[in-house]
Amino acid sequence: MATVISTISAEELDYRCECAVASLAEGKRVTLAPGFFRAAGITPKELMETLLKFLYIHELEVAQAEMYMNSYYRGDDCINIRQWRVFITRKPQDLSFVVKATCID
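Residues numbered from 1 in each chain as written. Predicted model: local features only at pLDDT ≥ 70, side-chain atom pairs only at ≥ 80, totals over all residues. Heavy atoms only, no water.

**Here's the deal with the overall build of the protein chain**
Part 1: Along the protein chain, the regular secondary structure elements total three helices and three strands.
Part 2: Mapped from its N terminus to its C terminus, the protein chain presents α and β elements in the order α-β-α-α-β-β.
Part 3: Put simply, the protein chain has 105 residues, and 27% of those count as buried.
Part 4: Looking at the protein chain alone, contacts between residues at least 24 apart form 56% of all its contacts between residues at least 6 apart.
Part 5: Put simply, the protein chain shows about 7,600 Å² of open surface, and 54% of that area lies on carbon and sulfur atoms. (Helix = DSSP H or I, 4+ residues; strand = E, 2+ residues; numbered from the N terminus. Buried < 20%, exposed > 50% of the residue type's maximum accessible area, 1.4 Å probe, protein only. Contact = heavy atoms within 4.5 Å. Areas by Shrake-Rupley, 256 points an atom, 1.4 Å probe, with all protein chains shown as cover.)

**A closer look at a negative patch on the surface**
Part 1: A grouping of Glu11, Asp14, Glu18 and Glu61 is seen on the molecular surface, where their side chains present a negatively charged patch.
Part 2: For the negative patch, the element with the most residues is helix α1 (residues 10-25), which contributes three residues.
Part 3: With respect to the element layout, glutamate 11 can be found in helix α1.
Part 4: Residue class for glutamate 11 comes out exposed when judged on its relative accessible area of 62%. (Patch = residues over 30% accessible without salt bridge, like charges linked within 9 Å, V, L, I, M, F, W, Y side chains within 5 Å. Salt bridge = Lys/Arg side-chain N within 4 Å of Asp/Glu carboxyl O. Lys, Arg positive; Asp, Glu negative; His and termini not counted. Charge placed at Lys NZ, Arg CZ, Asp CG, Glu CD.)

**Some points on the pairing of strand β2 (residues 83-90)**
Part 1: Judged from the eight bridges that link them, β2 and strand β3 (residues 97-104) form a sheet pairing that is antiparallel. Bridge assignment links glutamine 83 to a residue of β3, and that residue is isoleucine 104.
Part 2: The turn joining β2 and β3, which pair antiparallel and follow one another in sequence, is formed by six residues; a positive phi near 60° is taken by leucine 95. (Pairing = 2+ DSSP bridges.)

**Structural notes on the sheet that holds β2**
Part 1: Strand order in the open sheet formed by three strands is β1-β3-β2, and the pairing between neighbours is antiparallel. With partners counted over all chains shown, the strands left at the sheet margins are β1 (30-32) and β2, one partner each. Taken over all neighbouring pairs, the strand axes of this sheet differ in orientation by 25° on average, direction set aside.
Part 2: For β1 and β3, the ladder comprises three bridges, and the chain directions are antiparallel. Pairing of threonine 31 across the sheet is with valine 98, part of β3. (Axes fitted to C-alpha atoms, helices over the stretch in contact; angles between N-to-C directions.)

**A few points about the nonpolar core**
Part 1: Within the largest apolar cluster, 23 residues are counted, with the highest numbers of intra-cluster contacts made by Leu32, Phe36, Leu47 and Leu51.
Part 2: The set of elements that each furnish at least two residues to this core consists of α1, β1, α2 (36-40), α3 (44-73), β2 and β3.
Part 3: Counting residues per element, this core draws most heavily on α1, at six residues. (Core = buried A, V, L, I, M, F, W, Y, C linked by side-chain atoms within 4.5 Å.)

Okay, structure coming up:
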């Protein structure tokens, strides 16, 4: 019996990364199905680099909004952009992957 593996397109992968970044930035964990990397055709390292890029973009968008509000209300334009670390672990119970991001202070 053959196993059929559905593939994930580049556009869908970008969409899933954007959704994951929204959750990771709030401190939540993201769970990936066991065959995610095979279906997406990427390695865990490539996913971590992509998530870090998306997290940096997210931080820039937040900083831009904060800078606008601060300059509007107080005239302050100094905003710190947080840096992130991304970890991918595997759950032995169901072999799914868990992605967690932590902020470097």
